[in-house]
Amino acid sequence: MSLGTLTDLAQLDGMPSYPSLARFIATRNDFPVIQHGQYGKPFILDLDAAAVFVREHWRDGRNERRRRRLAAIMEAAPIGTTGQLDLFDDAVRGRPPR
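Residues numbered from 1 in each chain as written. Predicted model: local features only at pLDDT ≥ 70, side-chain atom pairs only at ≥ 80, totals over all residues. Heavy atoms only, no water.

Undergrad: Which parts of the structure should I look at to understand helix H2 (residues 18–27)?
TA: Every α-helix carries 3.6 residues per turn, so stepping three or four residues along brings you back to the same face. Those residues of H2 that fall on the buried side of the exposure criterion are Ser20, Leu21, Phe24 and Ile25. Along the axis of H2, the buried residues cluster in a sector spanning 135°; they form a single face. Exposed residues lying more than 90 degrees from the buried face of H2 are Arg23, Ala26 and Thr27. As for H2, its buried residues are in contact with helix H1 (6–10), strand E2 (33–35) and helix H3 (47–57). (Buried < 20%, exposed > 50% of the residue type's maximum accessible area, 1.4 Å probe, protein only. Helix = DSSP H or I, 4+ residues; strand = E, 2+ residues; numbered from the N terminus. Arc of directions from axis to C-beta. Contact = heavy atoms within 4.5 Å.)

And the structure:
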């Protein structure tokens, strides 16, 4: 077990940025934290366990928003369509039909 701070975790290969990790930790109660950062004290983490946790549970928010938007478009598609929409169609871009 190697101990480190949130900055150390953010510097590992394939890890999100420091602010992204801080937001991620704030939303996950099951994140493996040894000591939460507060009042000038840094987060203390088991770097190995934290890196494994992030790699298993991290989802890039931009991709998540895109996936939800496309799922909503597919749900709104008329019944009987093939379920495939042209990605350059006005409906996909959120514009009203012409």
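That covers the picture; the talk isn't over yet.
Undergrad: For this particular structure, what's the right way to read the sheet that holds E2?
TA: Here three strands make up an open sheet; going across it, the order is E1-E3-E2 and the pairing antiparallel. Strands with a single pairing partner mark the edges of an open sheet, and in this sheet they are strand E1 (3–4) and E2. Bridge analysis of E1 against strand E3 (residues 44–46) gives two bridges, and the strand direction is antiparallel. Across the sheet, residue Gly4 finds its bridge partner in E3, namely Leu45. Sheet strands touched by H3: E1 and E3. Its angle to E3, the strand with the most contacts, is close to 75°. (Pairing = 2+ DSSP bridges. Axes fitted to C-alpha atoms, helices over the stretch in contact; angles between N-to-C directions.)

Undergrad: Whenever I open this one, a nonpolar patch on the surface confuses me. Can you help?
TA: A cluster of nonpolar residues, Met1, Leu3 and Ile34, forms a patch on the protein surface that exposes about 370 Å² of accessible area. On the secondary structure map, Ile34 appears in strand E2. (Patch = residues over 30% accessible without salt bridge, like charges linked within 9 Å, V, L, I, M, F, W, Y side chains within 5 Å. Areas by Shrake-Rupley, 256 points an atom, 1.4 Å probe, with all protein chains shown as cover. Salt bridge = Lys/Arg side-chain N within 4 Å of Asp/Glu carboxyl O.)

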